[in-house]
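For reference, the chains in residue letters:
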Amino acid sequence: MLLSLKLLILPALAAAVPHIVFNDQTNPGEPLIDVKVPVQLGVMSKCPDALLCEATFNGVLEKVKDKVDLSLIYIAKFNSSEPDFRLSCMHGAEECAGNVQQLCVAKYSTRDQWWNFIQCQNFEGREKIGRPDVALKCAGVAQIDWETSGAGQCAGLDGDGKGSEGVSLLHNSVRLGQHLEITKSCTVLINERKVCVHDGTWKECENGHTVSDFVRQINDEYDKLNSGEDFLPFA
Ligand SMILES: *[C@@H]1O[C@H](CO)[C@@H](O)[C@H](O)[C@H]1NC(C)=O
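Computed from a predicted structure; not experimentally measured.

### What to know about the state of the cysteines
Logical step 1: Taken as a whole and judged by the stated rule, the model has five disulfides.
Logical step 2: Here C53 is linked by a disulfide to C186, with a sulfur-sulfur distance of 2.1 Å. Around the S-S axis, the bridge from C53 to C186 shows a dihedral of about -95 degrees and counts as left-handed. Within this pair, whereas C53 is found in helix α2 (residues 48–64), its partner C186 is found in the loop between α7 (164–179) and β7 (187–190), the two being separated by 133 residues in sequence.
Logical step 3: Judged by its relative accessible area of 0%, C53 is buried.

Below you can see the structure in the form of structure tokens.
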């Protein structure tokens, strides 16, 4: 009876809450529901603090890859006088382009490909992030087919980051950042709570700022989200 009730209720919950992924029930020892911890980094693609955060989270992902739903939120200012992006990006228009390239790759490739694309751009050097040739090269490194995957169509087939779909993804991202009151690159949010900032140096990191500090916080949050108490009143 309980099981059949769950079978009715869980799919409805899954549809309502996008972070929930259901395990198949062939492994009875596994938790029935696997809720990933949302982790968001507020960044600007050419910002040194962003590169540092992304390097740190490379280490975090190695430890808790399967427990997190990682995304980047871009910081910029709406400015109708800016011709290509209608945004002012702190490190120039090329940064807006870099943001768009990353968002399009996030949308049209796997998470590993997206993350490898960003690490490749960062490895090329901060000054070159946003350049079309670097975007195309890094797509190759991450094994993303720029022309057919949708990423190129989204960001601009020549890699310029000015594709209309990509620019609108960037607008939505900037709006989300404003809504969450993210003003500094890099800001770390775990389950939509600001836990740390790197702005020249680590600041406001009540629970620490090392890889293992973030891993611990993510593990704790994962356990809370998957304890069943928060959202399964019928189970
Ligand atoms: C808006 O964009 C214009 C054109 O690039 C620039 O001159 C101006 O400083 C920008 N305004 C702000 C507030 O960033």
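Let us keep going from here.
### Observations regarding the side chain of Q113
Logical step 1: Within the fold, Q113 resides in helix α4 (residues 111–124).
Logical step 2: Engagement of the side chain of Q113 in a polar contact is seen with the backbone nitrogen of T110, the distance being 3.0 Å.
Logical step 3: With near-sequence residues (within four places) excluded, Q113 lies in contact with V105, A142, Q143 and I144.

### Overview of the pairing of strand β3 (residues 37–43)
Logical step 1: Most of β3 is tucked away, with seven of its seven residues classed as buried.
Logical step 2: Here β3 shows two buried faces, one formed by V37, V39, L41 and V43 and the other by P38, Q40 and G42.
Logical step 3: In the sheet, β3 pairs with strand β4 (residues 68–74) via seven bridges, with the strands oriented parallel. Each residue of the ladder has a partner; that of G42, found in β4, is I73.
Logical step 4: As for the winding sense of the linkage, the β-α-β connection from β3 through α2 to β4 is right-handed.
Logical step 5: Pairing analysis gives four bridges linking β3 to β7, with the strands arranged antiparallel.

The rules behind these values
- Residues numbered from 1 in each chain as written.
- Predicted model: local features only at pLDDT ≥ 70, side-chain atom pairs only at ≥ 80, totals over all residues.
- Heavy atoms only, no water.
- Disulfide = S-S within 2.5 Å.
- Helix = DSSP H or I, 4+ residues; strand = E, 2+ residues; numbered from the N terminus.
- Buried < 20%, exposed > 50% of the residue type's maximum accessible area, 1.4 Å probe, protein only.
- Polar contact = N/O pair within 3.5 Å; in protein donor to acceptor, adjacent residues only side chain to side chain.
- Contact = heavy atoms within 4.5 Å.
- Pairing = 2+ DSSP bridges.
- Right-handed = clockwise from strand over helix to strand, strands pointing away.

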